[in-house]
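Coordinate inspection notes
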Amino acid sequence: MEALLVKELGYSAAKAFGVRAGGSISQGQGFEVDGGRRIFVKQNGKSEAKGMFQGELEGLEALQRTGCVRVPKPLKVFELPDGGAAIAFDFVEMHPLKSASGSLGENLARLHLHNSSSRHSRGPLLEQQGSDDAGDSSPLVASFGFHAVTCCGYLPQDNTWTDDWPTFYTNRRLQTQIDRIVREKPDSEMGDHWLRLLPKMPHFFHGLDIFPSLLHGDLWSGNAAQTAGGDPVVFDPAAVYGHHEFDLAISTMFGSLGRPFYTAYHQLIPKADGFDTRQKLYQLYHYLNHYNHFGAGYRGSCLRLMAELCTVSLP
């Protein structure tokens, strides 16, 4: 990897430091390069890795442009000689999220308000599709989706621009997960549960005026930390413009971001009617995604949530 970093990033030398880190999807390692600069490199041997990492880079850059949340600065995505790909970032020394929990909640709320705040202050809406039509680094976005394919885990998400959130979430999030499960498991019972839930989908959003917010997309406790100086930092995004409530759903599924996080967040963005029910609806996506990634251990949670959502009394 040292020689490859010299070639791809133009350094004169690179030397690994620290312990090699491994996750459920990719592996990472820190490197010291020219002038004592430190970078972090993630690599993955899958054939789809380059696209996965390119989506991560695009998401990090979009989050960074808002100035609302701190993320590791992405440097480059490059292919590995034996297959797969890698992504390099500026190194950020990270520690478990503790004292910065409240600051992260405030920062995330400001991120979610960023696009709508610009809506009121900058006039006509622009749809971001990979270009800066108005010469602004963070143009207004009128639709739901993203200008690049992003992955939640290693599976690609359908980010095709869509005019309304209920349609986007139904067709481009839940339906794609269900289709994969029915096709690849196969699991006809899951398909039957979905057919019962599908007609109810528009009613979960009754009375809401949902304007696109830039979302991290995979904000659980394993993708948030704080620096040595106590600043919150987030990473490994699955970025998309969507309903702000979606970003909170996975945060309570596997651990928590801490009570100060939620208190600070809801001081800026109060809960709307039906919030708790929609959190279950948004958690369904993540359970389905985990079923597709990691297998039948998540099947029961998917079926339970779908059955529960089918019984909810809605407008």
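Computed from a predicted model, the values in this text were never measured in an experiment. (Residues numbered from 1 in each chain as written. Predicted model: local features only at pLDDT ≥ 70, side-chain atom pairs only at ≥ 80, totals over all residues. Heavy atoms only, no water.)

**Notes on the overall build of the protein**
Basically, it comes down to this: Each helix corresponds to a stretch of at least 4 residues labelled H or I by DSSP, and each strand to a stretch of at least 2 residues labelled E; elements are numbered beginning at the N terminus. With C-alpha atoms as the basis for the radius of gyration, the globule rule is written as 2.2 Å multiplied by the number of residues raised to the power 0.38. Relative accessibility under 20% of the residue-type maximum defines a buried residue, over 50% an exposed one, and the middle range a partly exposed one, all with a 1.4 Å probe and only protein chains included. Residues count as neighbours in contact if any of their non-hydrogen atoms are within 4.5 Å of one another. Shrake-Rupley sampling with a 1.4 Å probe provides the accessible areas, and residues are treated as covered by the protein chains on show and by no other component.
From N to C terminus, the protein includes nine helices and twelve strands. Expected size for 315 residues packed as a compact globule is a radius of gyration near 20 Å; at 20 Å, the protein falls within 12% of this value. Each principal axis of the C-alpha distribution contributes one length, and for the protein these read about 65 × 50 × 40 Å. Counting across all 315 residues of the protein, residues that qualify as buried make up 50%. When contacts within the protein are restricted to residue pairs at least 6 apart in sequence, long-range pairs at least 24 apart make up 63% of them. When the accessible surface of the protein is summed, it comes to about 14,000 Å², and 49% of that surface belongs to carbon and sulfur atoms.

**What to know about the pairing of strand 10 (residues 224-227)**
Selection rule: Should DSSP find at least two bridges between two strands, the strands are taken to pair.
The side-chain alternation of strand 10 yields two buried faces, one formed by A224 and Q226 and the other by A225 and T227. Pairing of strand 6 (residues 94-95) with strand 10 involves two bridges; the strand directions are antiparallel. Within strand 10, the position partnered with H95 by the bridge is Q226. Both strand 10 and strand 11 (residues 232-234) contribute to a ladder of three bridges, which runs antiparallel. Residue Q226 lies in a different strand from strand 11, and its bridge partner there is P232. Between strand 10 and strand 11, which pair antiparallel and follow one another directly, the connecting turn spans four residues, one of which, G230, has a positive phi of 90°.

**Things to note about the sheet that holds strand 11**
Here three strands make up an open sheet; going across it, the order is 6-10-11 and the pairing antiparallel. Lying at the two open borders of the sheet, with one neighbouring strand each, are strand 6 and strand 11.

**Let's talk about the state of the cysteines**
Quick reminder of the rule: Note on disulfides: each one is a pair of cysteine sulfur atoms within 2.5 Å.
Scanning all chains against the criterion turns up zero disulfides. Free cysteine: C152, not disulfide-bonded; nearest cysteine sulfur from C151 at 8.9 Å. Exposure remark for C152: the relative accessible area of 3% places this residue in the buried category. The closest cysteine sulfur to the non-disulfide-bonded C302 is located on C152, 13 Å from its own sulfur. Judged by its relative accessible area of 0%, C302 falls in the buried class.

**Focus: helix 2 (residues 49-66)**
To keep it simple, the criterion reads: By this rule the span expected of a helix is its residue count minus one, scaled by 1.5 Å.
For helix 2, built from 18 residues, the straight-helix expectation of 26 Å at 1.5 Å per residue is met to within 8% by its first-to-last C-alpha distance of 26 Å. All of the buried residues along helix 2 are A49, M52, F53, G55, E56, L57, G59, L60, A62, L63 and T66. One or two residues past the end of helix 2 sits G67, with phi positive at roughly 75°.

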